[in-house]
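Fold and geometry: a report
If you want the building blocks of each chain, they are given just below.
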Amino acid sequence: MVSSELVPRGRGGKERMEGNMKLAMVEDAVEYCLFLIPDKARDTEETKEILQKYIERIMTQFAAILVPYIWQNQPFNLTYKPAKGGVPAHMYGMTKFGDNIEDEWFIVYVIKQITKAFPELVARIEDNDGEFLLIEAADFLPKWLDPDNSANRVFFHHGKLCIIPVPRKSERKPWLPTTPPTIQQALSIVSAHPEAVLASESVQAAVDRRIRGYPEKVEAALHRAHCFLPAAVVAVLKQRPRLVSAAVQAFYLRDPIDLRACRVFKTFLPETRIMASVTFTKCLYAQLVQQKFVPDRRSGYGLPPPAHPQYRAHELGMKLAHGFEILCSRCSPHLSDSRKPPVTASPLWASFLESLKRNDYFKGLMEGSAQYQERLEMAKNYFQLSIHRPESSLAMSPGEEILTVLQTLPFDVEELKKEGAHLPPEDDDQWLVLSPDQLDQLLQDASGRKDSQPVPQKEEEQNYDAAQVSDSMKAFISKVSTHKGAELPRDPSEAPITFDADSFLNYFDKILGAKPQESDSDDLDEDDFECLDSDDDLGFDTQDSESLKGALGSLKSYMAQMDQELAHTSMGKSFSTRKQAKKETPSQTANDSSDEEDSGAGDCVVEAVDVDLNLVSNILESYSSQAGLAGPASNLLHSMGVRLPDNADHNPPGSQ
């Protein structure tokens, strides 16, 4: 059973590397740190007081978007971390996002906005993959940046992504360390040279593209569905909407021991079920829907036939009720209220509540009204989890919180039934089914490609140029690869890769001792070989050895004989030559064919192979044989930015 709580510090992930600020990562968790730009020396108590004030201001200023957010596992939170091992005191938070990656990117948005609202703060963020911001912008990173030298180089400042560069040999900058900087050095560099450390526009755009749409995007990620639930669950969700995530996770990660508690329900009786509208995130809703589960007959949670119009509501309610029962079965009821001090007892609560009122959190609601009390309860819960988060065993588990709400909150079942009779319509869940076009669009968005309008098929075919295939292939072949592999063109709009042919041929000239134009004998026709028969035409110096001349002559003679022998075989005729590529009348073609047959193997004319035509025809034939599926031709062309139109010709390739 995977616990919904975070693994204690030091038991999971890597240990912290002091000074280098290597965060100790937990699986599917994101860690974030907010540093105050060093301006003057302060004592420990003063620094702690200042950072505590910043935590209060930050959590209050962003309460409007953080309070209603439904987290997959844990909420955004900040606590004070004292200085240790060369790392200055800072504000620290860790959130386990589980299966919902959107929680992580929402935190990125929040961190970016915090540094924008508080310019004196510098932030850094990592997850168990490391610098995941660099992973997102991998296609646009500078060549020098790799996982080995990226430590303590990536920060948010003034709402912008910053990457501390390495010093170049040509221009030595005294403020740039030659080794990866420490946290203290990095903060000094970012504060003293904010413009010099800004990431490139393409890197900024890659990260901004991923968090585009927030905070409005939060509402789009929600799904409202009707559920046939016990009245106690409905009452709890009205006060603690975020507990739906804990219940879904408990059901989703259930084990046989958990299901023992669901044989006979003790807390959420099936006889009290009513219809209610429940707000999920799309991730939670999908997790709940896709689980196939048959309840125990002793539980009393029977389901109507699948054809029943409210079958989905009964099924969702049954699964959610099991999740709440599992949560409550993990704790002792008599301990739920005795260990928990009231939130209002915290010395920070009064100032936090006053700050909420100043920021119009209550939207002008009358104090004491039902809506005011609902928002006040949400604020208390938010305050307890995000600001006054206990570090000791007094922390309340979801099950204890549910039992505490049930003990302290009276609810009227008849009133809840009346509300269930007038529910707003539930959201359409067709987003669970993806069409091929939608899947392609999601893959393109995930790969970071530029947004483009779809081009009609006819217009795409008219604008298509077959020469683009051969040009892209030549550019790919001409690119000099490294030990890391071959590099493909990033975008078709980029300039073609340049290749210095003279330098390349001069290099082989030094090895072979021949001039560049004479050393390239692979594709020479017979006329060219005849021109090179004499020693004078070869351009050898008098000092060249006779053995080199003999070897070159033998090689040329061997290649010429091979071309002659292969020219009239099926292998030789399978290639398109430049003569065949020219437009000829049928009579001319017939005459040429008869002449070729008469001449036979004694014909000394060998036509040059049209490399471009053969390349394009072979690739198109391979692409056509894929029948619309993935294959080597489409994968290679797509990686080079070449998009072939759909094959509208159903005739076999050989009939063209």
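To start, this report covers the structure provided alongside it. Here the structure is a predicted model, which means the values were calculated and not measured.

Attention now goes to the overall build of the protein. In terms of regular secondary structure, the protein is built from 29 helices and eight strands. Across the 656 residues that make up the protein, the buried fraction comes to 39%. Considering only intrachain contacts with a sequence separation of at least 6, the fraction spanning at least 24 residues in the protein is 77%. For the protein, the accessible surface area stands at approximately 37,300 Å², while carbon and sulfur atoms represent 53% of it.

Before going further, it helps to examine the packing of aromatic side chains. Evaluated as defined, the whole model comprises 14 aromatic pairs. When the centroid spacing of 5.3 Å and the interplanar angle of 80° are considered together, the rings of Trp105 and Phe132 count as edge-to-face. One end of the pair, Trp105, is in helix 3 (residues 101-117); the other, Phe132, is in helix 4 (residues 132-136), and 27 residues separate them in sequence. Taking the relative accessible area as the measure of exposure, Phe132 reaches 5% and is therefore buried.

Backbone torsion omega between Tyr214 and Pro215 reads 5°, so that peptide bond is classified as cis. Even without glycine at this site, Asp28 takes up a positive phi of about 55°. Among the structural elements, Asp28 can be located in the segment before strand 1 (29-36). Of note, the phi angle at Asn152 is positive, near 60°, even though the residue is not glycine. Here Asn152 shows up in the loop between helix 4 and strand 5 (154-157).

A large share of strand 7 (residues 222-230) lies buried, amounting to eight of its nine residues. Bridging between strand 7 and strand 8 (residues 273-281) involves nine bridges; their strand directions are antiparallel. If you follow Ala225 over to strand 8, its bridge partner there is Val278.

For the rest of this paragraph, the subject is the packing of helix 9 (residues 243-252) against helix 11 (residues 282-290). Two elements in contact, helix 9 and helix 11, have axes whose closest approach is 10 Å; the angle formed by their N-to-C orientations is 35°. You can see that helix 9 and helix 11 cross each other, and the crossing is left-handed. Contacts between helix 9 and helix 11 involve Val244, Ser245, Val248, Gln249, Phe251 and Tyr252 from the former and Leu284, Gln287, Leu288 and Gln290 from the latter. A class-by-class count of the residues in the contact of helix 9 with helix 11 yields six nonpolar, four polar and no charged.

This brings us to the sheet that holds strand 3 (residues 90-96). Pairing in this open sheet of six strands is antiparallel, and the strands run 2-3-1-4-5-6 from one edge to the other. Each having just a single partner strand, strand 2 (79-81) and strand 6 (160-163) make up the two edges of the open sheet. Strand-to-strand twist in this sheet, taken as the mean axis angle between neighbours without regard to direction, amounts to 30°. In terms of strand pairing, strand 1 meets strand 3 through six bridges, oriented antiparallel. If you follow Ala29 over to strand 3, its bridge partner there is Lys96. In this fold helix 1 (residues 44-61) packs onto strand 1, strand 2, strand 3 and strand 4 (121-127), with an angle of close to 155° to the strand it touches most, strand 2.

This part takes up the side chain of Arg210. Relative to the elements of secondary structure, Arg210 occurs in helix 6 (residues 201-210). Of note is the side chain of Arg210, whose polar atom sits 3.3 Å from the side chain of Glu102. Residues contacting Arg210, with those up to four places away along its chain left out, are Ile101, Glu102, Trp105, Glu136 and Lys217.

The next subject is the side chain of Arg273. Structurally, the position occupied by Arg273 is in strand 8. Put simply, Arg273 is tucked away with no salt bridge, and the nearest opposite charge, on Glu271, sits 7.7 Å away. Looking at Arg273, its side chain comes within polar contact range of the main-chain oxygen of Pro270, at 3.0 Å. When sequence neighbours within four positions are dropped, the list of residues in contact with Arg273 reads Phe228, Leu229, Pro230, Gly300, Tyr301 and Gly302.

This part is about the nonpolar core. Ile58, Phe76, Ile111, Ile114, Ile125 and Leu133 are the most contacted members of the largest nonpolar core, which has 62 residues in total. Here this core gets eight residues from one element, more than from any other, and that element is helix 3. Setting aside residues up to four positions removed in sequence, Ile125 forms contacts with Val30, Glu31, Tyr32, Ile107, Val108, Ile111, Glu131, Phe132, Leu133 and Phe156.

Another point: the pattern of salt bridges. Applying the stated criterion across every chain, the model contains 16 salt bridges. Ionic pairing is found between Glu126 and Arg124, a salt bridge with its closest N-O pair at 2.6 Å. Just as Glu126 is buried, Arg124 falls in that class too. One salt bridge connects Arg124 with Glu131, and the closest N-O pair in it is separated by 3.2 Å. Each member of the pair, Arg124 as well as Glu131, carries the same accessibility label: buried. Connected via shared salt-bridge partners are Arg240, Arg242, Glu377, Lys380 and Glu401.

All right, on to a nonpolar patch on the surface then. On the surface, Leu555, Tyr558, Met562, Leu566, Met571, Phe575, Val609 and Val611 cluster together to form a nonpolar patch covering roughly 730 Å² of accessible area. The biggest single contributor to the nonpolar patch is helix 24 (residues 546-567), with four residues. For Leu555, a relative accessible area of 45% translates into the label partly exposed.

Now for the packing of helix 11 against helix 12 (residues 311-329). Helix 12 packs onto helix 11 with a crossing angle of 100° between their chain directions and a minimal axis gap of 10 Å. As judged from the angle between their axes, helix 11 and helix 12 are roughly perpendicular. Counting all contacts with helix 11, which are made through Tyr285, Leu288 and Val289, the residues of helix 12 involved are Arg312, Leu316, Lys319 and Leu320. Split into classes, the residues belonging to the contact of helix 11 with helix 12 amount to five nonpolar, no polar and two charged.

Cut-offs used in this document
Residues numbered from 1 in each chain as written. Predicted model: local features only at pLDDT ≥ 70, side-chain atom pairs only at ≥ 80, totals over all residues. Heavy atoms only, no water. Helix = DSSP H or I, 4+ residues; strand = E, 2+ residues; numbered from the N terminus. Buried < 20%, exposed > 50% of the residue type's maximum accessible area, 1.4 Å probe, protein only. Contact = heavy atoms within 4.5 Å. Areas by Shrake-Rupley, 256 points an atom, 1.4 Å probe, with all protein chains shown as cover. Phe/Tyr/Trp six-rings, centres within 6.5 Å; stacked < 30°, edge-to-face > 60°. Pairing = 2+ DSSP bridges. Axes fitted to C-alpha atoms, helices over the stretch in contact; angles between N-to-C directions. Left-handed = near helix turned anticlockwise from the far one by under 90°. Nonpolar A, V, L, I, M, F, W, Y, C, P; charged D, E, K, R; others polar. Polar contact = N/O pair within 3.5 Å; in protein donor to acceptor, adjacent residues only side chain to side chain. Lys, Arg positive; Asp, Glu negative; His and termini not counted. Salt bridge = Lys/Arg side-chain N within 4 Å of Asp/Glu carboxyl O. Core = buried A, V, L, I, M, F, W, Y, C linked by side-chain atoms within 4.5 Å. Patch = residues over 30% accessible without salt bridge, like charges linked within 9 Å, V, L, I, M, F, W, Y side chains within 5 Å. Parallel < 35°, antiparallel > 145°, perpendicular 65-115°, else oblique.

Functional significance is not addressed by these values, which are geometric in nature.
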